[in-house]
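# Fold and geometry: a report
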Amino acid sequence: MTPLLPTTPTLPTPAGGAVPAATTPAAAATRRPVVGSVHSWDLSTGVDGPGTRFVTFLSGCPLTCLYCHNPDTWRMRDGKRTSVDEIVAEAAKYTRFIEVAGGGTTVSGGEPLLQPVFTGELLHRFKHELGLHTALDTSGFLGVRATEALLRDTDLVLLDIKSWERATYREVTGRPLRPTLDFARRLADLGKEVHVRFVLVPGLTDDPVNIEGVAAFAASLGNITRVDVLPFHKLGEAKWQRLGRPFTLHDTPCPTAEQTALARSVFVAHGLHAV
């Protein structure tokens, strides 16, 4: 494997080899290849973290959310095998622009923690080689795969809490809620900055008790600096059709501005900054 940072100091090992010091990225430590399955990358403003950001979308996700607008990222085998070197070189083209405009880099998906070594390498090099703010966009379901090194290289976590009611969460995602809550508590213990994301779906996640539960939990953590209440939309429905998948929320209405504002007010009532 090509060394990531040739000037990184090394420490001797009992076996006589050498391993990078404290800032070692995960792949170097485990000697795994720094190649992953990537769907795409793009520049975005305001939707994938603060400011203008270089966003890497990885392929593969353990969740099958009913309202997912990128179902084409669900299967890892559908992505392109891409090296960290390629992505960092692409991001480097925009470093000056990002610095001037404000922002950073975000690793998203799919679910980036399905590829924790690759994700850790990206975050490490974005932060230490390019000097950019880093964000991890995750459902938290695979939070146990996030190593301490990976989280040290993450400045901000964008955490999706899709429901507080367990049955609703499973209906929406096909998975249990608990791993996400456990990861949220771990991030709070680490004092890691988190933005919570909650998708408001009429007839599914908009029950007042459900919203209250998410809000109360988020407020209890002490490290949530922003909550994004995202109104459900159908912009990804065409992708479902192309993939031959039934979009079961076809007849579900998008929430009104008033419904969205009411949901945000619940989070504000708990002392959270909600947008």
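These figures come from a predicted structure and were not determined experimentally.

A word on the packing of helix α2 (residues 84–92) against helix α4 (residues 116–128). At a closest axis distance of 10 Å, the pairing of α2 and α4 adopts a crossing angle of 35 degrees. For the pair α2 and α4, the sense of crossing is right-handed. Seen from α2, the contacting residues are Val84, Asp85, Ile87, Val88 and Ala91; seen from α4, they are Phe118, Glu121, Leu122, Arg125 and Phe126. Residue classes in the contact of α2 with α4 are distributed as seven nonpolar, no polar and three charged.

This next bit is on the nonpolar core. Formed by 66 residues in total, the largest nonpolar core has its most connected members in Tyr67, Leu122, Phe126, Phe183, Ile224, Val227 and Phe267. It is helix α8 (residues 208–221) that contributes the most residues to this core, six residues altogether. Residues within four places of tyrosine 67 in sequence aside, it is in contact with Lys162, Val172, Val199, Val201, Phe232, Phe247 and Leu249.

Taken together, the seven bridges between strand β9 (residues 194–200) and strand β10 (residues 224–231) define a ladder with parallel strand orientation. Its bridge partner being in β10, phenylalanine 198 is matched across the sheet by valine 229.

Both the distance between ring centres and the angle between the ring planes are used here to describe each pair of aromatic rings. Inspection of every chain in the model, using the stated rule, returns six aromatic pairs. Ring centres 5.3 Å apart and planes at 85 degrees place the aromatic pair tryptophan 74 and tryptophan 240 in the edge-to-face group. Here tryptophan 240 lies in helix α9 (residues 237–242) and tryptophan 74 lies in the loop between β4 (52–58) and β5 (80–83), a separation of 166 residues in the sequence. This pair shows no difference in class: tryptophan 74 is buried, exactly as tryptophan 240 is.

So, on to the confidence of the model for the chain. When pLDDT drops low, the exact placement of atoms in the prediction is not to be read closely. Residues of the chain with pLDDT of at least 70 account for 88%, and the chain-wide mean is 90. This model gives residues 26–31 a pLDDT under 50, and the stretch forms 13 contacts once residues within four places in sequence are excluded.

Our next topic: the packing of α8 against helix α10 (residues 257–269). At a minimum axis distance of 8 Å, the contact between α8 and α10 shows a crossing angle of 35 degrees. In this structure, the crossing between α8 and α10 has a hand that is right-handed. Side by side, α8 and α10 meet where Ile211, Glu212, Val214 and Ala215 of the first sit next to Ala263, Val266 and Phe267 of the second.

Parameters and conventions
- Residues numbered from 1 in each chain as written.
- Predicted model: local features only at pLDDT ≥ 70, side-chain atom pairs only at ≥ 80, totals over all residues.
- Heavy atoms only, no water.
- Axes fitted to C-alpha atoms, helices over the stretch in contact; angles between N-to-C directions.
- Helix = DSSP H or I, 4+ residues; strand = E, 2+ residues; numbered from the N terminus.
- Left-handed = near helix turned anticlockwise from the far one by under 90°.
- Contact = heavy atoms within 4.5 Å.
- Nonpolar A, V, L, I, M, F, W, Y, C, P; charged D, E, K, R; others polar.
- Core = buried A, V, L, I, M, F, W, Y, C linked by side-chain atoms within 4.5 Å.
- Buried < 20%, exposed > 50% of the residue type's maximum accessible area, 1.4 Å probe, protein only.
- Pairing = 2+ DSSP bridges.
- Phe/Tyr/Trp six-rings, centres within 6.5 Å; stacked < 30°, edge-to-face > 60°.
- pLDDT = per-residue confidence, 0-100.

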